[in-house]
Amino acid sequence: MSMIETSDAEGTETISLHQRILSDISEKILSGAWAPGHRIPFEHELSAQYNCSRMTVNKALSQLAKAGLIERRRRSGSFVRRPQSQAAVLEIHDIRIEVEALGLSYRYERVARHKRRSSAEDRALLELGGAGPVLALECRHFAGKRPFAHEQRLINLTAVPEAADEEFLSSAPGPWLIGRVPWSEAEHRIRAVGADTQIAAALDIEPGAPCLVVGRRTWSAEHPVTHVRFTYAAESHTLVARFRPSQG
């Protein structure tokens, strides 16, 4: 069943108005025109502005609230909040799915790509026994018009030689690797940091702002495949672990 149910001849117009309201408000929030705490116009104001029913407005605002873009307060109205995504700690997830779960459009950007002989730092990050070729990538992931996550990745070209010819201009390296290299083991390390100048510029936040860093290593048949570091603005991302009591 679709999110919007219509049975009259004006159904198509209602859907387009609903999408227009969603798009207009999302753009104002994500562009920074409406900062966190800004009050969204009341339902009757939006209804008059878009010449539509309050039911259509209410559905749009409900979807924005579900996506985490706004907060609805009884008798006070709706207010802008910073969207917050959730990701399972123990899963290898696709950032596109995180963004689309917020109801926002996803965009990927490759910032830098360097193929080189591994340095001592590279070997430590990948846990390589000796020197070899690696591919270093820097990428950004966007939710709407705003940066969502910064990615720094190393790929062991001995384990994945075909990556040496991949530019990663239009597709992110994570899904590409998952589709080609079956991983057998993964490790996650999570920590909080203050944004340095590079991260601050990449995420469009102030230097020193709190960030959540998720570091991951994967192996395939005991061979190191990749090390990746995802950095999120701390207030926009939550990691969730769900588990049961151990038996015995």
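The present account deals with the structure reproduced in this document. (Residues numbered from 1 in each chain as written. Predicted model: local features only at pLDDT ≥ 70, side-chain atom pairs only at ≥ 80, totals over all residues. Heavy atoms only, no water.)

### Notes on the overall build of the protein
Definition in use: Elements are defined by DSSP. Helices are runs of H or I of four residues or more, strands are runs of E of two residues or more, and each kind is numbered from the N terminus. Using a 1.4 Å probe on the protein chains alone, a residue whose accessible area is under 20% of its type maximum counts as buried, one over 50% counts as exposed, and one in between counts as partly exposed. Throughout, a contact is declared for two residues whenever any of their heavy atoms are within 4.5 Å. For the accessible areas, the method is Shrake-Rupley and the probe is 1.4 Å, while residue cover comes only from the protein chains on display.
Counting its secondary structure elements, the protein contains seven helices and 11 strands. Counting over 248 residues, the protein shows a buried share of 44%. Considering only residue pairs separated by 6 or more positions, the protein has 60% of its internal contacts joining residues 24 or more positions apart. Surface exposure of the protein reaches about 14,000 Å², of which carbon and sulfur atoms provide 49%.

### Remarks on the pairing of strand E9 (residues 210–220)
Using the following cut-off: Criterion used throughout: strands pair if DSSP finds at least two bridges between them.
Burial within E9 is extensive, with 10 of its 11 residues counted as buried. By the bridge criterion, 10 bridges tie strand E8 (residues 185–194) to E9 in an arrangement that is antiparallel. Residue pairing across strands places Val 193 opposite Cys 211, the latter belonging to E9. With 10 bridges connecting them, E9 and strand E10 (residues 223–233) associate as antiparallel partners. In the strand pairing of E10, Gly 215 is matched with Arg 229. In textbook terms, the turn of a hairpin is the stretch between consecutive antiparallel strands, and for E9 and E10 this stretch comprises two residues, one of which, Ala 221, has a positive phi near 50°.

### Some details on unusual backbone geometry
Of note in the backbone geometry, Ala 221 takes a positive phi value of approximately 50° without being a glycine. Topologically, Ala 221 is positioned in the loop between E9 and E10. A positive phi angle, close to 75°, is found at Glu 222, a residue other than glycine. With respect to the helices and strands, Glu 222 occurs in the loop between E9 and E10.

### Thoughts on the sheet that holds strand E3 (residues 77–80)
If you trace the three strands from one edge of the open sheet to the other, you get E1-E3-E2, paired in antiparallel fashion. Whereas interior strands pair on both sides, the edge strands pair on one side only; in this sheet they are strand E1 (39–40) and strand E2 (70–73). Pairing of E1 with E3, which is carried by two bridges, proceeds in the antiparallel orientation. Bridged to Ile 40 within E3 is Ser 78.

### Structural notes on the packing of helix H2 (residues 43–50) against helix H3 (residues 54–66)
Basically, it comes down to this: In this description, a line fitted to the C-alpha atoms serves as the axis of each element, helices being fitted only across the stretch in contact, and the angle between N-to-C directions of two axes falls anywhere from 0 to 180 degrees. Small angles under 35 degrees read as roughly parallel and large ones over 145 as roughly antiparallel, with 65 to 115 read as roughly perpendicular and the rest as oblique. The crossing is said to be left-handed when, going from far helix to near helix, the turn is anticlockwise and less than a right angle, and right-handed when the turn is clockwise.
Put simply, H2 and H3 touch, their axes get as near as 9 Å, and they point 115° apart. Between H2 and H3, the angle is such that the two are roughly perpendicular. The two elements H2 and H3 meet at a crossing, and its hand is right-handed. Contacts between H2 and H3 involve Glu 43, His 44, Leu 46 and Ser 47 on the former and, on the latter, Arg 54, Val 57, Asn 58 and Leu 61.

### Description of the pairing of E10
It is a general feature of regular strands that their side chains alternate between the two faces of the sheet. Among the 11 residues in E10, nine count as buried, and that is most of the element. Sheet analysis places strand E7 (residues 146–156) next to E10, joined by six bridges and oriented antiparallel. Paired with His 150 across the strands is Thr 231, a residue of E10.

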